[in-house]
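These are the residues of each chain, in order.
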Amino acid sequence: MLGAMEPLELLPEDWDRALCVVAHPDDMEFGAAAAVARWTGQGKTVVYCMVTSGEAGIDGLSPDECRTVREAEQVESARIVGVPTVDFLHQPDGILEYGVPLRREIAEVVRRHRPDIVITGNFRDTWGGTNLNQADHIAVGKAVVDAVRDAGNRWVFPEQLGDDLEPWGGVRAVWAFGSPSATHAVDTTDTFDAGVASLDAHGAYIDGLGWENWDSREFLEGFGRQGGQRIGTAFAATFEVFPMGWGE
Ligand SMILES: [Zn+2]
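Residues numbered from 1 in each chain as written. Predicted model: local features only at pLDDT ≥ 70, side-chain atom pairs only at ≥ 80, totals over all residues. Heavy atoms only, no water.

S.K.: Could you give an account of the packing of aromatic side chains, naming the residues involved and the relevant values?
M.R.: Tallied over the entire structure, the rule returns 13 aromatic pairs. Ring geometry for W15 versus W39: centroids 5.3 Å apart, planes at 70°, classification edge-to-face. Within this pair, whereas W15 is found in the loop between strand 1 (9-10) and strand 2 (17-22), its partner W39 is found in helix 1 (residues 33-41), the two being separated by 24 residues in sequence. We classify W39 as buried; its relative accessible area is 0%. Above the plane of the ring of Y98 lies K142, whose end atom (NZ or CZ) is 4.7 Å from the centre. (Phe/Tyr/Trp six-rings, centres within 6.5 Å; stacked < 30°, edge-to-face > 60°. Helix = DSSP H or I, 4+ residues; strand = E, 2+ residues; numbered from the N terminus. Buried < 20%, exposed > 50% of the residue type's maximum accessible area, 1.4 Å probe, protein only. Lys NZ or Arg CZ within 6 Å of the ring centre and 35° of its normal.)

Rendered as structure tokens:
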């Protein structure tokens, strides 16, 4: 694909707080953990929010058992890249619906953490070509973009506002990793190993997939190199950027 080789802009790094909202434990680790490690290494605060606990993700494990395992793996995975806080919204894995209830959940998290940047996963219909995206990812990404706007409007979900929660209109942009329409990238060469370790923390999940001879480092290197070629570094994570301010 010719488009996949076009140069990308560098992501800005003049911000302090990022909130990452994704559908499942492991979503960050398949595309953005090395970037998170870079940013926490710079002293930035990054918080994770899992909309589901990925409890429908392991065929041989019932959701009630699976939830506990996957939440623990995600907390460890986050710790490895410098993220001490992981919120779980406990929405139903596999059957998320885009709509007002999901926007309400996410808007509350945005109001609570007051981030400069909100990060989510690719919510385009595909990963490129005919590789279809997954329904939960699409629902979450669309709801994230809307919820960021909702969070700044005191008349939307006003029941959330009170003594300790105010509207928050300070989000500058939503960044979606793994998008086939990536516009930006960040150099992850120095933190690449942390990204691999963060993915490896999802041991029960990866075992449950039963992919023979699958190697996390090899997998992440493939995407990392493709991104790196577009900004002239060994490795990079790529993002599609959606500015949230007016007139941008
Ligand atoms: Zn996922």
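There is more to say after this.
S.K.: Describe the sheet that holds strand 7 (residues 184-187), with residues and values.
M.R.: Overall, mixed pairing links the eight strands, which are arranged 1-7-8-6-5-2-3-4 in an open sheet. A single partner strand is all that each edge strand has here, and the edge strands are strand 1 and strand 4 (86-88). Summarising the sheet, strand 7 and strand 8 (residues 236-243) pair through four bridges and their orientation is antiparallel. Note on strand 8: the bridge partner recorded for V186 is A237. (Pairing = 2+ DSSP bridges.)

S.K.: Requested: an account of helix 4 (residues 135-152), with residues and values cited.
M.R.: Between its first and last C-alpha, helix 4 extends 27 Å over 18 residues, near the 26 Å set by a 1.5 Å rise per residue. With 13 of 18 residues buried, helix 4 lies mostly within the body of the structure. N-cap assignment for helix 4: the residue whose side-chain oxygen lies 2.8 Å from the backbone N of D136 is Q134. (Expected span 1.5 Å × (residues − 1). Polar contact = N/O pair within 3.5 Å; in protein donor to acceptor, adjacent residues only side chain to side chain.)

S.K.: I'd love a proper account of the environment of R172, names of residues and values included.
M.R.: Within the fold, R172 resides in the loop between helix 4 and strand 6 (173-177). On a C-alpha basis, the gap between R172 and R149 in space is 11 Å, while along the polypeptide they are 23 residues apart. Leave out the neighbours within four places in its chain, and R172 touches P12, D14, W15, D116, I117, P243, M244 and G245. At 2.9 Å, the side chain of R172 and the side chain of D14 are in polar contact. (Contact = heavy atoms within 4.5 Å.)

S.K.: Give a description of the nonpolar core that names residues and reports values.
M.R.: Grouped together as the largest cluster of nonpolar side chains are 30 residues, with contacts concentrated most on V21 and I106. Of all the elements, helix 4 adds the most residues to this core, at eight residues. Setting aside residues no more than four positions away along its own chain, V21 makes contact with C49, V51, I106, V118, I119, T120, G121, V140 and V144. Residues W15, I117, V186 and A237 belong to the second largest nonpolar core, which totals 29 residues. (Core = buried A, V, L, I, M, F, W, Y, C linked by side-chain atoms within 4.5 Å.)

S.K.: Outline unusual backbone geometry, supporting the account with residue identities and numerical values.
M.R.: A positive phi angle, close to 95°, is found at D26, a residue other than glycine. With respect to the helices and strands, D26 occurs in the loop between strand 2 and helix 1. On the accessibility criterion, D26 (5% relative accessible area) is buried. The backbone phi angle of N213 is positive, close to 60°, even though this residue is not glycine. When you line up the elements, N213 lands in the loop between helix 6 (203-209) and helix 7 (216-229).

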